[in-house]
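The lines below spell out each chain.
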Amino acid sequence: MTIPWGQLGKDSWLGGTHCVACLAPPAGSVLYHLFMCHQGGSPVYTRLLALDMCGVCLVNTLGALPIIHCTLACRPWLRPAALVGYTMLSGVAGWRALTAPSTSARLRAFGWQAGARLLVFGARGVGLGSGAPGSLPCYLRMDALALLGGLVNVARLPERWGPGRFDYWGNSHQIMHLLSVGSILQLHAGVVPDLLWAAHHACPPD
């Protein structure tokens, strides 16, 4: 509802991509937690966890496509290669996350995607990329919040310091979810002005 669809022009498909990226993690997580009271054993749990991970994979993959598209808006020869390359990298990262044996291994699976995004952010920061002026800080906060949430979840803080005291409120998993929501909001705050910028920006002639 906060995306100005009528102003996006030919880039309106990126608005749809962005919507899926923002909504997939909450949807997958809600279904995962809603059915955690099942009695189907390990096979059912594995499928629920895979559904949850698919949401994380989608936000990491689809969420970055508008960023790459806008950053390389004036480099049409490089943009398609970057989009395809990041999508292929995301496929490998998603598979590793879905087959990871532990929480820490799942966090590491997304490291290559984070590294690729940092390269894009760096290109924009030093002037090799383009985009709306205020979007880059949003993207940096987005990845910082996501990383902090993942680290808190892996470290099991604060319940590691007080076993039993955080079973219902304030545990690491809840903190991770709050930070993830903040991360998605920062993504949205950066992508909307980026898409508007790309729709109205004229690249200088070569």
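What you are looking at is a predicted structure, and each value in this text was computed from that prediction instead of being measured.

A. Spotlight on the nonpolar core. Ranked by internal contacts, the top residues of the largest apolar core, which has 30 residues, are Ile-67 and Leu-187. Elements that contribute at least two residues to this core include exactly helix 1 (12–34), helix 2 (42–62), helix 3 (65–71), helix 4 (79–98), helix 6 (111–125), helix 7 (135–155) and helix 8 (172–200). Per-element tally for this core: the top contributor is helix 8, with seven residues. Ignoring sequence-local partners within four residues, the contact set of Leu-187 consists of His-18, Cys-22, Val-59, Gly-63, Ile-67, Tyr-139 and Met-142. If you look at the next biggest cluster of nonpolar residues, it comprises five residues, including Cys-57, Ala-97, Ala-109 and Phe-110.

B. Inspection of the packing of helix 4 against helix 6 at higher detail. Put simply, helix 4 and helix 6 touch, their axes get as near as 8 Å, and they point 155° apart. It follows that helix 4 is roughly antiparallel to helix 6 by the angle criterion. Of helix 6, the residues touching helix 4 (which contributes Tyr-86, Leu-89, Ser-90, Ala-93 and Arg-96) are Trp-112, Gln-113, Ala-116 and Arg-117. By residue class, the composition of the contact of helix 4 with helix 6 is five nonpolar, two polar and two charged.

Conventions adopted
- Residues numbered from 1 in each chain as written.
- Predicted model: local features only at pLDDT ≥ 70, side-chain atom pairs only at ≥ 80, totals over all residues.
- Heavy atoms only, no water.
- Core = buried A, V, L, I, M, F, W, Y, C linked by side-chain atoms within 4.5 Å.
- Buried < 20%, exposed > 50% of the residue type's maximum accessible area, 1.4 Å probe, protein only.
- Helix = DSSP H or I, 4+ residues; strand = E, 2+ residues; numbered from the N terminus.
- Contact = heavy atoms within 4.5 Å.
- Axes fitted to C-alpha atoms, helices over the stretch in contact; angles between N-to-C directions.
- Parallel < 35°, antiparallel > 145°, perpendicular 65-115°, else oblique.
- Nonpolar A, V, L, I, M, F, W, Y, C, P; charged D, E, K, R; others polar.

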